[in-house]
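Here is what each chain is made of, one letter per residue.
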Amino acid sequence: KGFYDKTLNNRLPEEYGIKKARVIMIDCDLKEPTILILDYVKNILQEGTIILFDDFLFYKGDKEKGQYGAFDGFKKANPQLDFRRAFDYGNGSRAFIVCKV
């Protein structure tokens, strides 16, 4: 409940009993909240985690905006992580699988 920057800073995933994630669904249009979410879940990723981006191909294909821009920046900031495109779904949604942590 509330804005991502306030909600995500209240408790760590471990405080919810989450040690590793198999599936992560990210459903927000904007780059900034997506960056917050990706940073929040970074330590619970494992090989095989599927990340679903509900709004991945928005903003007329602009690579700097939205979830596309957030994920691109996240990958550059975390070169130890490797991802593979898994599948597309719906209208502009895309899933990735974590290949290496």
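Details of the structure are given in the entry above.
On a predicted model such as this, the values are computed, not experimentally measured, just so you know.

Peer 1: Requested: an account of unusual backbone geometry, with residues and values cited.
Peer 2: Here the phi dihedral of Tyr 59 falls at roughly 60°; this positive angle occurs in a residue that is not glycine. One can find Tyr 59 in the loop between β2 (50-53) and α3 (66-77). At Lys 60, a position not held by glycine, the phi torsion is positive, near 50°. Note on placement: Lys 60 falls in the loop between β2 and α3.

Peer 1: Describe α3, naming the residues involved and giving the relevant values.
Peer 2: Here α3 spans 17 Å end to end across twelve residues, near enough to the 16 Å set by a 1.5 Å rise per residue. Those residues of α3 that sit buried are Gly 66, Gln 67, Gly 69, Ala 70, Phe 71 and Phe 74. In this fold, the buried residues of α3 make contact with β1 (23-26), α2 (31-41), β2, β3 (82-89) and β4 (93-100).

Peer 1: I'd love a proper account of the sheet that holds β3, names of residues and values included.
Peer 2: Read from one edge of the open sheet, four strands run β1-β2-β4-β3, paired in mixed fashion. A single partner strand is all that each edge strand has here, and the edge strands are β1 and β3. Neighbouring strand axes in the sheet, compared pairwise and without regard to direction, differ in orientation by 20° on average. Its contacts with the sheet place α2 against β1 and β2, and it is angled at close to 165° to β1.

Peer 1: Please set out the environment of Tyr 89 residue by residue, giving values where relevant.
Peer 2: Tracing the sequence through the fold places Tyr 89 in strand β3. If near-sequence neighbours (up to four positions away) are discounted, Tyr 89 is found in contact with Met 25, Leu 52, Phe 53, Asp 54, Arg 94 and Ala 95.

About the thresholds
Every chain's residues receive numbers from 1 upward, in the order its sequence appears when written. For a predicted model such as this one, the threshold for reporting local features is a pLDDT of at least 70, and the threshold for listing and counting side-chain atom pairs is 80 or more; totals across whole chains, interfaces and linings nevertheless cover every residue. Side-chain numbers come from the whole structure's heavy atoms, not from hydrogens or water. Working definition: helices are DSSP H or I runs of at least four residues, strands are E runs of at least two. Numbering for both runs from the N terminus. Given a helix with a known number of residues, its expected span is that number minus one, times 1.5 Å. Accessibility here uses a 1.4 Å probe with only protein chains present; expressed as a share of the type maximum, an area under 20% marks a residue as buried, one over 50% as exposed, and anything in between as partly exposed. Two residues qualify as a contact provided that any one of their heavy atoms is within 4.5 Å of a heavy atom in the partner residue. Pairing between strands is defined by DSSP: at least two bridges between the two strands are required. Axes here mean lines fitted to C-alpha atoms, for a helix over just the part in contact, with angles spanning 0 to 180 degrees between N-to-C directions.

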